[in-house]
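Here is what each chain is made of, one letter per residue.
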Amino acid sequence: MFHVCHAVNVLAISNQKGGVGKTTTAISLAAALVEKGSRVLLIDLDPQGNATSGLGVGKDQPRSIYGVLVGDEGLGEAIHPTGVVGLDLIPSSPEMAGAEVELVPLMAREFRLRDALQHQKGYDTVLIDCPPSLGLLTVNALAAADAVLVPVQCEYYALEGLAQLLATIDAVRQRLNAKLEVLAIVLTMEDRRNRLSMQVTEEVIRHFPELVARVRIPRAVRLAEAPSHGQPINVYDPGSRAAQAYGDLAQEISMRLASRVPIVLGGVGA
Ligand code: ADP
Ligand code: MG
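S.K.: Outline the pairing of strand β6 (residues 147-153), supporting the account with residue identities and numerical values.
M.R.: Taking burial as the measure, the 7 residues of β6 include 7 buried ones, the bulk of the element. Alternating positions in β6 separate into two faces, Ala147, Leu149, Pro151 and Gln153 on one and Val148, Val150 and Val152 on the other, with burial throughout. In the sheet, strand β1 (residues 9-13) pairs with β6 via 3 bridges, with the strands oriented parallel. Following the sheet pairing, Leu11 is matched in β6 by Ala147. Note: β6 against strand β7 (residues 181-188), 7 bridges, orientation parallel. For Val150, the partnering residue across the bridge sits in β7 and is Ile185.

S.K.: Describe the nonpolar core, naming the residues involved and giving the relevant values.
M.R.: Ile43, Leu45, Ile65, Leu113, Ile128, Ile185 and Val204 are the most contacted members of the largest nonpolar core, which totals 47 residues. Ile128 has contacts with Val10, Leu11, Ala12, Ile13, Ile43, Leu45, Leu113 and Ala141, leaving out every residue within four places of it along the chain. Among the nonpolar cores identified, the runner-up in size contains 39 residues, and Val57, Leu89, Ala213 and Tyr236 belong to it.

S.K.: Help me get a handle on the site of ligand 1, residues and values and all.
M.R.: Around ligand 1 there are 14 residues in total, and Gly19, Lys22, Thr23, Thr24 and Ala220 lie nearest to it. In this structure, Val20 approaches ligand 1 through a main-chain N or O atom, which is 3.0 Å from an oxygen atom. One nitrogen or oxygen atom from the main chain of Gly21 is found 3.0 Å from an oxygen atom belonging to ligand 1. Burial of ligand 1 by the protein chains amounts to 78% of its free accessible area of 560 Å². Among the elements of the structure, α1 (22-35) and α9 (221-225) are those that each provide at least two residues to the shell around ligand 1.

S.K.: I'd like a description of the confidence of the model for the protein chain, backed by residues and values.
M.R.: The pLDDT averaged across the protein chain works out to 93; a share of 94% of its residues lies at or above 70. Low pLDDT (under 50) marks residues 1-6, which in the prediction has 2 contacts with non-local residues, meaning those over four places away or in another chain.

Rules and cut-offs
Residues numbered from 1 in each chain as written. Chains lettered and ligands numbered in written order. Predicted model: local features only at pLDDT ≥ 70, side-chain atom pairs only at ≥ 80, totals over all residues. Heavy atoms only, no water. Buried < 20%, exposed > 50% of the residue type's maximum accessible area, 1.4 Å probe, protein only. Helix = DSSP H or I, 4+ residues; strand = E, 2+ residues; numbered from the N terminus. Pairing = 2+ DSSP bridges. Core = buried A, V, L, I, M, F, W, Y, C linked by side-chain atoms within 4.5 Å. Contact = heavy atoms within 4.5 Å. Near = heavy atom within 4 Å. Polar contact = N/O pair within 3.5 Å; in protein donor to acceptor, adjacent residues only side chain to side chain. Areas by Shrake-Rupley, 256 points an atom, 1.4 Å probe, with all protein chains shown as cover. pLDDT = per-residue confidence, 0-100.

In structure tokens:
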């Protein structure tokens, strides 16, 4: 007797630097994947709750990722619909500010999210928007994920901190989650008229020729405006260059997921 096993892809969107485009990529990519026919669950793991408010959901929901991680609430009870049909959200909440500390004494503290996700069905992809740190919340995301997307902003300090992030991912792969890999580095806020921005793009590609996604995200005011309307870019301004870019990125990410080969991180960060 054979069962057709429909695997859910769990992707963590992580970079311990703030302001590099993690949340923008989480929301925009999630909505773009939905547009291409996927059912997507976005988990807002950042106490700041920007993915939650950016999708038009209030940050004060009684059921949030907090109860799942720190309490014993089931994941299913914390799922909220969004304005986009096919895109569901597990919101963050103000209590998440204490989660990093409250997780410390808990049993199997690194695996709270993985265990909660274990029996979750009904989605093709789960995206996890990580906080800007490499603490227990991010470790929970990395332990639960199949792969990591790393947004990198096209600015002078782009590569700084990347070695530390890759080392953390490597450590999680060795100790907690053998299947974890980096799926792609996504260059964000690229400004083609700016020489420095283009030099950074070239430098990151030179360091990580295989890992850098072919699709790069342009700097676009519409992307910065969309969250205040509680809408993803492909709803807020469907014809924009930015919406197009995230649509193309969704295509590339799907292809990378379909043709996944394990990447040995040891050689990448060196
Ligand atoms: P992070 O989640 O890594 O902290 P955000 O996605 O919140 O980063 O982005 C930081 C800021 O930059 C936000 O104000 C966001 O609206 C803006 N932003 C993100 N991506 C772009 C882009 N491609 N073009 C213009 N502004 C952007
Ligand atoms: Mg964020």
